[in-house]
Amino acid sequence: GAIASRMSFSSLKRKQPKTFTVRIATMDAEMEFSCEVKWKGKDLFDLVCRTLGLRETWFFGLQYTIKDTVAWLKMDKKVLDHDVPTEEPKTFHFLAKFYPENAEEELVQEITQHLFFLQVKKQILDEKIFCPPEASVLLASYAVQAKYGDYDPNVHKRGFLAQEELLPKRVINLYQMTPEMWEERITAWYAEHRGRARDEAEMEYLKIAQDLEMYGVNYFAIRNKKGTELLLGVDALGLHIYDPDNRLTPKISFPWNEIRNISYSDKEFTIKPLDKKIDVFKFNSSKLRVNKLILQLCIGNHDLFMRRRKADSLEVQQMKAQAREEKARKQMERQCLAREKQMREEAERTRDELERRLMQLKEEATMANEALMRSEETADLLAEKAQITEEEAKLLAQKAAEAEQEMQRIKATAIRTEEEKRLMEQKVLEAEMLALKMAEESERRAKEADQLKQDLQEARESERRAKQKLLEITSKSSYTQSMNSSTTALPTDLPSFNLISESLSFDFKDTDMKRLSMEIEKEKVEYMERSKHLQEQLNELKTEIEALKLKERETALDILHNENSSRGNSKHNTIKKVS
């Protein structure tokens, strides 16, 4: 029994599939997966796409490096059969392998747009894509909008971009400008992007970046039949031949719709144009591994080029419909949030105004209280003075009566001698004068007492009015407080091909190339019209900062770009000229 159990346990152990660990690095995250030994590239790639929620898989691939050469994981080959390091975890980079011609029309999912935005932004900052200074500033402003949302001067104060990497070092070194001066120019444009959501700001970034000459181009060192060193550029539009010192302007271009066949045998590549009058172009590449990569990119880009010019597949139609619904839903959410924010701001303004009015009424109440206290004090003083005056008047009247009695008594007294009579008359006269004076003083004091009574009456009336005003202010204050409490309660609320003896040929068949050429020409004209306003904006900033440029620090690409600009050459019309 024990032996049987051991055998069954060991057989279970053998049945468990062997695994290995893989680390996948995207532009903004790292993930680890346990993979079965038998897994092919497609199994791992599909797992990564499911994890990310990515459905536009045709743009992406898993990249790794072999002996300083970039390689991509083949979908139909076992992961462990690739020339990858033996140690674990085995690291692959999930990156865009093919680029769209028009990001706005082709990139449907928000996750696809975001991954492209991050990859292109890094290529510009690492100077793998040449970007002129004025376009660098505009791109930086959209990157800031994507990260920080709407500009708010109370939050985004001077120096808030100090730790951000927003401009290529080449651009910073080219001008006598401080970080503060760059921030000021970036912020000026950033403030104009108010209302754009993250996905909208990132898409505006891509729409500008896709017009840069080096955007989406894979460069390879080649030699022509004469042994001249050249560069081959492969991108969404076709194949381009460059001088090694000028990656901006191709010498010759072969648009995909004008190529009949691409093939290589050993290290020699052959490009056969559709027009048989045009000579076949042959070149040599240094490594067989590089030749395979070039052909992969040619097939993939050509497939996507043709696919764009056909009706969308059912899957893409469904994705676009879902994307439109999602965009509409988010737009409604943003509008609701904007309304709530507006209502909250209005409620806060009303609250602040009521608080200010309350403070004003409190000040008025304090002043009225003080005036009332002064009125009460004045009334008390006047009442006391009136009482004293009244008492004085009574005393004077009493004295006047006594004087009158004395006069009467004197008159009645018998005076015998003339002298006594004369003296008596003099005393009578003096007594009369004193009585008259006393009567006048008594009358004056009586009038003064009446005046004081009148002043007291007025003071009491003033006191009554002050109390009435204080009562009004108190009632207003209670109304303001009730209004204030009510406002604060507002809501805060790819096709198959065979490799035989290291030779491979790929034909671009079944396409109406003349019709395609006319459609492409029409697309270019429409595009040039759309980009006119943007160019005016960029020229304005270029003129503004030109005086601060240090000419001696200009790189070869800066000089070439300026020459192209002065001739009025752009990415699209240059390719048209050299095709």
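Within an unreviewed UniProt entry, the label attached to the chain reads Merlin, and the organism entered is Chloropsis hardwickii.

Visitor: Help me understand the overall build of the chain, please; the structure alone is not making it clear to me.
Guide: Looking only at helices and strands, the chain has 15 helices and 13 strands in total. Relative to its 579 residues, the chain shows a buried fraction of 40%. Put simply, the chain shows about 34800 Å² of open surface, and 51% of that area lies on carbon and sulfur atoms.

Visitor: Would you mind going over the packing of helix 5 (residues 133-148) against helix 8 (residues 198-209) with me for this structure?
Guide: Each pair of packed helices can be summarised by the angle the axes make with each other and by the distance between the axes. Orientation of helix 5 relative to helix 8, taken along the N-to-C sense of each, is 160°, at an axis distance of 8 Å. Between helix 5 and helix 8, the interaxial angle falls into the category roughly antiparallel. Seen along the crossing, helix 5 lies across helix 8 with a hand that is left-handed. Between helix 5 and helix 8, the residues in contact are Leu138, Leu139, Tyr142, Ala143, Gln145 and Ala146 and Arg198, Ala201, Glu202, Glu204, Tyr205, Ile208 and Ala209, respectively. Of the residues that constitute the contact of helix 5 with helix 8, the class distribution is nine nonpolar, one polar and three charged.

Visitor: How should I be thinking about the UniProt feature "binding site: a 1,2-diacyl-sn-glycero-3-phospho-(1D-myo-inositol)" (unreviewed entry) in the chain in this particular structure?
Guide: In this numbering, the UniProt entry assigns the feature "binding site: a 1,2-diacyl-sn-glycero-3-phospho-(1D-myo-inositol)" (unreviewed entry) to Lys74, Met75, Asp76, Lys77 and Lys292. Among the secondary structure elements, Lys74 is positioned in the loop between strand 4 (69-72) and strand 5 (90-96). Excluding residues within four positions of it along the chain, Lys74 makes contact with Gly41, His82 and Gln296. Apart from the residues within four sequence positions on either side, Met75 is in contact with Lys40, Gly41, Lys42 and Phe45.

Visitor: I'm lost on the sheet that holds strand 2 (residues 30-36) in this one. Help?
Guide: If you trace the five strands from one edge of the open sheet to the other, you get 2-1-5-3-4, paired in mixed fashion. Strand pairing shows two members of the sheet lacking a second neighbour, strand 2 and strand 4, which therefore form its edges. On average, each strand axis in the sheet is inclined to that of its neighbour by 35°, with strand direction left out of account. Here four bridges tie strand 3 (residues 60-66) to strand 5, and the two strands are oriented antiparallel to one another. From the neighbouring strand, Phe60 faces strand 5, where its bridge partner is Ala96. Along the sheet face, helix 2 (residues 41-52) touches strand 1 (19-25), strand 2, strand 3 and strand 5 and points at about 140° away from the line of strand 2.

So, how was this worked out
- Residues numbered from 1 in each chain as written.
- Predicted model: local features only at pLDDT ≥ 70, side-chain atom pairs only at ≥ 80, totals over all residues.
- Heavy atoms only, no water.
- Helix = DSSP H or I, 4+ residues; strand = E, 2+ residues; numbered from the N terminus.
- Buried < 20%, exposed > 50% of the residue type's maximum accessible area, 1.4 Å probe, protein only.
- Areas by Shrake-Rupley, 256 points an atom, 1.4 Å probe, with all protein chains shown as cover.
- Axes fitted to C-alpha atoms, helices over the stretch in contact; angles between N-to-C directions.
- Parallel < 35°, antiparallel > 145°, perpendicular 65-115°, else oblique.
- Left-handed = near helix turned anticlockwise from the far one by under 90°.
- Contact = heavy atoms within 4.5 Å.
- Nonpolar A, V, L, I, M, F, W, Y, C, P; charged D, E, K, R; others polar.
- UniProt positions renumbered as here; feature names shortened; annotations may be inferred.
- Pairing = 2+ DSSP bridges.

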